[in-house]
Amino acid sequence: MSPQITPIADTAQDLELTERILTPDGTRISNPQLDAYVADVDAEQLRALHRDMIILRRIDAEGVALQRQGQLGLWAPCQGQEATQIGTARAIAPQDYIFPSYRETGVIYARGAAPGDYVRMWRGEEGAGHDPSGLRVAPLQIIIGAQTLHAVGYALGIKHDGADEVAVTYFGDGATSQGDVNEAMIFASSYQAPVVFVCQNNHWAISEPVALQSQYPIAGRAPGFGIPSLRVDGNDVLACMAAMRWALAHARAGKGPAYIEAVTYRMGPHTTADDPTRYRESAELDQWRQRDPIARLEAHLRAAGELSDEHLAETQAAADDVARDMRAACLGMTTRPPLAVFDGVYAEPHTGLERQRGEYAAYLATFDGEV
Amino acid sequence: MTELTLGKALGAGLRQAMRDDDKVVLLGEDIGKLGGVFRITDGLLDEFGAKRVIDTPLAESGIVGTAVGLAFRGYRPVVEIQFDGFVYPAFDQIVAQVAKLHYRTQGRVRMPITIRIPWAGGIGAAEHHSESPEAYFVHTAGLRVIAVSNPEDAYRSLRQAIASDDPVIFFEPKRLYHHKGEVDLDAPLADAPPMGLARVVREGTDATLITYGAMVSTALQAAEAAEDDGISIEVIDLRSLSPIDYDSVAASVRKTGRVVVAHEASREAGVAAEVIASITERCFEYLESAPLRVTGHDIPYPPAKLEKYHLPDLDRLLDAVDRVLDRPNSLTGAEA
Ligand SMILES: Cc1ncc(C[n+]2csc(CCOP(=O)(O)OP(=O)(O)O)c2C)c(N)n1
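Residues numbered from 1 in each chain as written. Chains lettered and ligands numbered in written order. Predicted model: local features only at pLDDT ≥ 70, side-chain atom pairs only at ≥ 80, totals over all residues. Heavy atoms only, no water.

1. Regarding the overall build of chain A
Then step 1. Broken down by element type, chain A carries 14 helices and 7 strands.
Then step 2. Against the 2.2 N^0.38 benchmark of 21 Å for 371 residues, chain A shows a C-alpha radius of gyration of 22 Å, consistent with a compact globule.
Then step 3. The principal-axis extents of the C-alpha atoms in chain A amount to approximately 75 × 50 × 40 Å.
Then step 4. Classification of the 371 residues of chain A by burial places 56% in the buried group.
Then step 5. Excluding contacts between residues fewer than 6 apart, the proportion of contacts in chain A whose partners are at least 24 apart in sequence is 73%.
Then step 6. Element-wise, carbon and sulfur atoms account for 53% of the exposed surface of chain A, whose accessible area totals about 14,300 Å².
Then step 7. Averaged over its 31 positive side-chain charges, chain A has a centre that lies 1 Å from the centre of its 49 negative ones. (Helix = DSSP H or I, 4+ residues; strand = E, 2+ residues; numbered from the N terminus. Rg over C-alpha atoms; globule rule 2.2 N^0.38 Å. Buried < 20%, exposed > 50% of the residue type's maximum accessible area, 1.4 Å probe, protein only. Contact = heavy atoms within 4.5 Å. Areas by Shrake-Rupley, 256 points an atom, 1.4 Å probe, with all protein chains shown as cover. Lys, Arg positive; Asp, Glu negative; His and termini not counted. Charge placed at Lys NZ, Arg CZ, Asp CG, Glu CD.)

Here it is in structure tokens:
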């Protein structure tokens, strides 16, 4: 669907080859492909998107802080990717089901995650951070690309059930090299499954630049599988929302899968264990600071006279409250008792595991009465 | 009772499971019109349609990963991997996703997926068509592993596997696909022995021969041959490799005091090692000699013309029986 996909990926040039509605300085321009999808978005809704992004950035900063303070084993920051995550996730309907990777903090936020949901997995308390059936979001996925197939299988189920739902999956630019992601596109296309692929091209897969994964713009691959795609400015929340609405409408109308590449940038480290100064130039980061998704929408709202200092202060205070609740939930978590390590391995009794549980229980009992 | 081949019994099992529960869907390569390369799914497309008998693109990880998504949605996918040696591209989805999602979500997501694998050697097949990968899956928590040895068991266990809320790796000995046996197609599933139980196939008093899959037939032949020498061998078909029914195993070992465990798979860190370690832990004081393994060698599966030197045969089993009974054997070199 994007007319401007060029054969050679060039990181610098690439930026100009994306669909956008807001320029980096916040000017609203017309986009013949996308405008119709956000025609209804008024100032109040824009302020809500702005607020979402500010809260998400605050949650993310709190995650980093909690990790630095030894409260989390690891954290995968999403600073810089707020527009992609909020813009796309806010377009998704409540009945749709999402299969994310580990970096989609903004997506579970948009689905109404509880304060502890952001950290439970990273803290090591449970394998999944949240209740998948409650949020209609599968557990965060660490195996690169595996979740894309799950989304396709789910979507096949939706299709067979005749349900008015769509499955959505998120993955990174590095993930597009994985066999599973390519297999997912084949299966989705062959079965015309109602699934939306969202590639967050944040330019780096740990230390590997996107050009190592793809010599061709990533959105350009999907048409080869028979899947229409859009390449959008991932730091433009309106463009992301519009693209996602296009993709969801396409899938919901029974036209099969759709694909979005959101071109964005991971401003922090890959995870809290990573040191990006070893592999990327500070000039690149500076360049991307000029494209900050929150500043962009803020500039737009300010110019339109739709954002007051008072409102901004309120939003910041609300974000602080969310972070405070998240911290309290994190610090307040109690670890389950030792025998819980055996819980949930099987749905039905398994004699081998039951014997081990019994043996370990007997061993633990020898400590009874000890102080 | 109906006389059926093991292959037909599996097909009947699938058909019955699909009739019992409309959430059961089949996925695999060539399982539709062709009925699978072994014709196990023959006729199912006609009866249930393409939404339930799903021919897939040629991508094993894709097949299993798609099944995971269907399970998320409340379906009960039954996957056919075309041959044992082709399960490896799906290994990640099986061990990292299928096996773990229930645990990771504390039971909030179930993976009632059955992964059928035409399995093991002895049919003179090409490379990658004769492998015994069961130990990889037995070693993986969260999976159940079943290996069938006869039509009746195949029919019943497959239905039990599909009905189970846990993921099951289901090994079908292709060497036995055409072997016939009596199957009670109408016996209620509820009355059947649970999936995890072993079966004493032949009673005996002098030594216990433990095996599974196609090797059960070889073990029975060994027991018959030994009887001519006045040796009484008890043969146990494990049927389930995860969990292993150690109560039945131990009961037999306490009776005979002597043990041989046999399988086609390579020896190192294999199922036999596990069985013998557990026997030693549980009933060491009943053992009258060191338990022995008879297995495939620790080699890649050899070319078809050489497979007879790899697969445990009647004579290797009997030699091991002689050794656990302290009778003249290949090690002592003496004639009986
Ligand atoms: C199968 C697999 N291989 C390697 C890793 C280790 N790893 C974790 S994140 C990552 C980079 C992923 O990059 P990308 O897909 O671009 O996503 P991003 O982290 O940038 O969001 C790697 C190599 C993994 N988690 N899974």
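Next comes the rest of the account.
2. Some remarks on the sheet that holds strand β2 (residues 24–28) of chain B
Residue and element names in this part refer to chain B.
Then step 1. Strand order in the open sheet formed by 7 strands is β3-β2-β4-β5-β7-β6-β12, with mixed pairing between adjacent strands. Each edge of the open sheet carries a strand with a single partner, namely β3 (53–55) and β12 (240–242). The mean inter-strand angle of the sheet, taken between neighbouring strand axes irrespective of direction, is 20°.
Then step 2. Pairing analysis gives 2 bridges linking strand β6 (residues 144–147) to β12, with the strands arranged antiparallel. By the bridge assignment, I146 is partnered in β12 with S240.
Then step 3. Contacts from helix α1 (residues 6–20) reach β2, β3, β4 (76–80), β5 (114–119) and β7 (168–173) within the one sheet, and its direction differs from that of β2 by about 135°.
Then step 4. Helix-sheet contacts for helix α7 (residues 151–163) involve β2, β4, β5, β6 and β7, and the interaxial angle to β7 is about 160°. (Pairing = 2+ DSSP bridges. Axes fitted to C-alpha atoms, helices over the stretch in contact; angles between N-to-C directions.)

3. Focus on the environment of T140 of chain B
Then step 1. Following the sequence through the fold, T140 of chain B ends up in the loop between α6 (134–138) and β6.
Then step 2. Measuring from C-alpha to C-alpha, the distance between T140 of chain B and I81 of chain B comes to 18 Å, with 59 residues separating the pair along the chain.

4. Some thoughts on the pattern of salt bridges
Then step 1. All told, the structure shown has 51 salt bridges over all chains when counted by the stated rule.
Then step 2. For E80 of chain B, the salt bridge identified is with R116 of chain B, shortest N-O distance 2.8 Å. Residue E80 of chain B is found in strand β4, and its partner R116 of chain B is found in strand β5; the two are separated by 36 residues along the sequence.
Then step 3. E80 of chain B gets classed as buried once you look at its relative accessible area, which sits at 4%.
Then step 4. Of the residues examined, R116 of chain B reaches a relative accessible area of 1% and is grouped as buried.
Then step 5. Among the salt bridges present, the one from E234 of chain B reaches K255 of chain B, with a minimum N-O distance of 2.5 Å. With E234 of chain B in strand β11 (residues 233–237) and K255 of chain B in helix α9 (residues 246–256), the pair connects residues that are 21 residues apart, well separated along the chain.
Then step 6. Judged by relative accessible area, E234 of chain B falls into the buried class, the value being 2%.
Then step 7. Among the ionic contacts, a cluster of salt bridges with common partners joins R136, D161 and E165 of chain A together with K23 and R73 of chain B. (Salt bridge = Lys/Arg side-chain N within 4 Å of Asp/Glu carboxyl O.)

5. A look at the nonpolar core
Then step 1. Ranked by size, the top nonpolar core spans 82 residues in total, and within it F197 of chain A together with F72 and I94 of chain B carry the most contacts.
Then step 2. With sequence-adjacent residues up to four places away left out, I94 of chain B is seen in contact with V64, V87, A99, I115, F137, L143 and I169 of chain B.
Then step 3. Residues I21, V41, I59 and L312 of chain A belong to the second largest nonpolar core, which totals 67 residues. (Core = buried A, V, L, I, M, F, W, Y, C linked by side-chain atoms within 4.5 Å.)

6. A short note on the sheet that holds strand β14 (residues 292–296) of chain B
Strands in a sheet are paired, the pairing made by backbone hydrogen bonds, and the direction either parallel or antiparallel.
All names here are of chain B.
Then step 1. An order of β9-β11-β10-β13-β14 is seen for the 5 strands of this open sheet, with the pairing classed as mixed. At either end of the open sheet lies a strand with only one pairing partner, and these are β9 (199–202) and β14. When strand polarity is set aside, the average angle formed by the axes of neighbouring strands in this sheet is 25°.
Then step 2. Examined bridge by bridge, strand β10 (residues 207–211) and strand β13 (residues 259–266) share 3 bridges and lie parallel to one another. Across the sheet, I210 pairs through a bridge with V261, a residue of β13.

7. Some remarks on α7 of chain B
Then step 1. Helix length check: α7 of chain B, at 13 residues, gives a terminal C-alpha distance of 18 Å against a target of 18 Å (1.5 Å per residue), a fit within 8%.
Then step 2. With respect to burial, α7 of chain B is a largely interior element, 11 of its 13 residues being buried. (Expected span 1.5 Å × (residues − 1).)

8. Things to note about the site of the ligand
All names here are of chain A.
Then step 1. Near the ligand, the surroundings consist of 15 residues, among which Y102, R103, I142, G174 and W204 are the closest.
Then step 2. In the environment of the ligand, an oxygen atom lies 3.0 Å from a nitrogen or oxygen atom belonging to the side chain of N202.
Then step 3. Contact with the protein chains covers 72% of the free accessible surface of the ligand, which is 580 Å².
Then step 4. Of the residues in the shell around the ligand, the class split is 8 nonpolar, 5 polar and 2 charged. (Near = heavy atom within 4 Å. Polar contact = N/O pair within 3.5 Å; in protein donor to acceptor, adjacent residues only side chain to side chain. Nonpolar A, V, L, I, M, F, W, Y, C, P; charged D, E, K, R; others polar.)

9. Some details on the interface of chain B and chain A
Then step 1. Counting from both sides, the interface comprises 46 residues of chain B and, opposite them, 45 residues of chain A.
Then step 2. Taken over both partners, the interface formed by chain B and chain A buries close to 3,600 Å², and the fraction arising from carbon and sulfur atoms is 52%.
Then step 3. Considering only the surface of chain B that becomes buried against chain A, R73, R104 and R108 of chain B emerge as the three largest contributors, covering 20% of it.
Then step 4. Taken together, chain B and chain A are joined by 5 salt bridges.
Then step 5. Ionic pairing is found between K23 of chain B and D161 of chain A, a salt bridge with its closest N-O pair at 4.0 Å.
Then step 6. Taken together, the elements giving at least two residues each to the side of chain B that touches chain A come down to β3, α3 (60–72), α4 (91–98) and α5 (101–104) of chain B. (Buried area = accessible area lost by both parts, 1.4 Å probe.)

10. Here's the deal with unusual backbone geometry
Residue and element names in this part refer to chain B.
Then step 1. Omega for the bond connecting S242 with P243 falls within 30 degrees of zero, at 0°, which places this linkage in the cis form.
Then step 2. As for its position among the elements, P243 is in the loop between β12 and α9.
Then step 3. Positive phi is not limited to glycine here, since D30 has a value of about 70°.
Then step 4. Tracing the backbone through its elements, the reader meets D30 in the loop between β2 and α2 (44–48).
Then step 5. The exposure class assigned to D30 is partly exposed, which follows from its relative accessible area of 34%.

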